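# Residue-level structure breakdown
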Amino acid sequence: MDQGGTRSVVYIAAAVATALLALVMLPAVLVADRNAAAADLTGEVNSDAIPAEFRDSVLKAGQRCKEISASVLAAQIDSESGWNPRATSPAGAQGISQFMPGTWNTWGKDYSRDGRVDVFDPHDSIGSQADLMCALARQVRDKIQLRVISGEPLELTLAAYNAGMGNVTAAKGVPPFPETTAYIRKILDASATKYSLDAIGDVGGAVRLPLAPGRYTNQHNFGRSGSMWARHHTGNDFSAPCGTPVRAVTGGVATADPSQAAWAGPHFVKILTGQRSTATWYAHMGRAAVTNGQRVQAGEVIGYVGSLGNSSGCHLHLEVHPKNGGYAQDEVDPNAWLRQKGLRP
Ligand SMILES: [Zn+2]
């Protein structure tokens, strides 16, 4: 929200210029940011993301061994069956954790204590999945100590789960199977974002300006009072021609929040780095270039400057919420925050 942002009369020239700029910026975007594998995966699980009927089983299973957290188990179940206890696959995998019959014969246990070992009983499957994963983690630890294999223990354990320990041993590490490396990436990503309460995006990660340098006028108006703001200005306004690409300041998960639409417009986007870590807010955009839940890297285009919502001219209203709090709760001055990260807004 600002009072009198720059109104461009050269939309077409601006659009061409920004399109060219986007092409020039592309290689930088591709190499930007860290990957989620560097995140601490032993942190606290986001239990709200686990369907209520399975929550206790997953949390208990996550206590089985220190190597395999509830976040990792939840990410695996999400990937295997989408939390469907009746799931079956064409290959013969069964239940919420998609055990093959032979594996189930070895690992299946009656965790629900109903007198039956049942692969379609989600509590039996989830507990047994933890047993299997913890056993694989122990084997990986032993093989690393014996220098038979090398690599990051959790990645190796997930590789053993996906491709078999024989293939991990043969490759002396994560085997170079595209399916296996994609599986590891998927589980680490989900366990560090959707199923984690801990920061992933801005811890040692790249931080970028929301608009390309030289393409905006910084209004330096965080904290000011004014007729357009409920109490004080909770963000900073960057005036720029409508259509200017808006970039994610940090990596993270793009999140829609319709509850803010009245002032922030229908294409309001938040980039979350974790459930209770830094969130950046992008208000008044004319169009979003990301979908709800999409994972983005710092510097990636997430939308385009507009003047929708409570706005009197083309501009980006940027907010920084270090604890992912709500409106007027935990915001800090975006300019100061960006300067702390070594940028010159
Ligand atoms: Zn504003």
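Bear in mind the structure is a predicted one, so any value in this text is a computation, not a measurement. (Residues numbered from 1 in each chain as written. Predicted model: local features only at pLDDT ≥ 70, side-chain atom pairs only at ≥ 80, totals over all residues. Heavy atoms only, no water.)

## Details of the overall build of the protein chain
Helices and strands together make up the secondary structure of the protein chain, namely ten helices and ten strands. Within the span of the protein chain, comprising 345 residues, buried residues form 51% of the whole. Residue pairs in contact within the protein chain that sit at least 24 positions apart in sequence constitute 63% of those at least 6 positions apart. With the model as given, the accessible surface of the protein chain reaches about 15,500 Å², and the carbon-plus-sulfur share is 54%. (Helix = DSSP H or I, 4+ residues; strand = E, 2+ residues; numbered from the N terminus. Buried < 20%, exposed > 50% of the residue type's maximum accessible area, 1.4 Å probe, protein only. Contact = heavy atoms within 4.5 Å. Areas by Shrake-Rupley, 256 points an atom, 1.4 Å probe, with all protein chains shown as cover.)

## Considerations on the sheet that holds strand β7 (residues 287–288)
One open sheet holds the three strands; their spatial order is β3-β9-β7, and the pairing between them is antiparallel. With one partner strand each, in any of the chains shown, β3 (245–247) and β7 form the two edges of the open sheet. Bridge analysis of β7 against strand β9 (residues 301–304) gives two bridges, and the strand direction is antiparallel. Residue pairing for β9: Arg287 is matched across the bridge by Tyr304. (Pairing = 2+ DSSP bridges.)

## Let's talk about the packing of helix α6 (residues 153–163) against helix α8 (residues 178–192)
Put simply, α6 and α8 touch, their axes get as near as 9 Å, and they point 125° apart. Taken together, the axes of α6 and α8 lie oblique to each other. Handedness of the α6/α8 crossing: right-handed. Here Leu154, Glu155, Leu158, Ala159, Tyr161, Asn162 and Ala163 of α6 come into contact with α8, specifically with Glu179, Thr180, Tyr183, Ile184, Ile187 and Leu188. (Axes fitted to C-alpha atoms, helices over the stretch in contact; angles between N-to-C directions. Parallel < 35°, antiparallel > 145°, perpendicular 65-115°, else oblique. Left-handed = near helix turned anticlockwise from the far one by under 90°.)

## Considerations on the packing of aromatic side chains
One pass over the full model with this rule turns up eight aromatic pairs. The interplanar angle of 85° and the centroid separation of 5.3 Å between the aromatic rings of Tyr216 and Phe238 together place this pair among those described as edge-to-face. Note that Tyr216 is positioned in the loop between α8 and β1 (217–218) and Phe238 in strand β2 (residues 236–239), a separation of 22 residues in sequence. Considering the side-chain rings of Trp263 and Tyr327, the 5.5 Å spacing of their centres and the 50° angle between planes classify their relative orientation as tilted. One end of the pair, Trp263, is in helix α9 (residues 261–264); the other, Tyr327, is in the loop between β10 (315–321) and α10 (334–340), with 64 residues separating them in the sequence. (Phe/Tyr/Trp six-rings, centres within 6.5 Å; stacked < 30°, edge-to-face > 60°.)

## Examining unusual backbone geometry
The phi dihedral of His220 is positive, around 45°, even though this residue is not glycine. With respect to the helices and strands, His220 occurs in the loop between β1 and β2. Even without being glycine, Asn324 reaches a positive phi, approximately 55°. You can see Asn324 is positioned in the loop between β10 and α10.

## Here we look at the pairing of strand β4 (residues 252–256)
Relative to strand β8 (residues 295–296), β4 runs antiparallel, the two being bridged by two bridges. In the strand pairing of β8, Val253 is matched with Arg295. Bridge count between β4 and strand β5 (residues 269–272): four bridges; the pairing is antiparallel. Looking at β5, one finds that Val253 is bridged to Leu272.

## Considerations on the confidence of the model for the protein chain
With 83% of its residues at a pLDDT of 70 or more, the protein chain has an overall mean of 85. In this model residues 2–42 is a low-confidence stretch, pLDDT under 50, and it forms 71 contacts with partners more than four residues away in sequence or in other chains. A low-confidence stretch, residues 200–204 stays under pLDDT 50, and its non-local contacts, those more than four residues away or across chains, total 14 contacts. (pLDDT = per-residue confidence, 0-100.)

## Considering the state of the cysteines
Overall, the coordinates contain two disulfides when judged by the stated rule. A sulfur-sulfur separation of 2.0 Å characterises the disulfide bridge that pairs Cys65 with Cys134. Since a negative S-S torsion denotes a left-handed disulfide, the Cys65-Cys134 link at about -85° is left-handed. Here Cys65 is found in the loop between α2 (52–61) and α3 (70–81), whereas its partner Cys134 is found in helix α5 (residues 122–145), with 69 residues between them in sequence. (Disulfide = S-S within 2.5 Å.)

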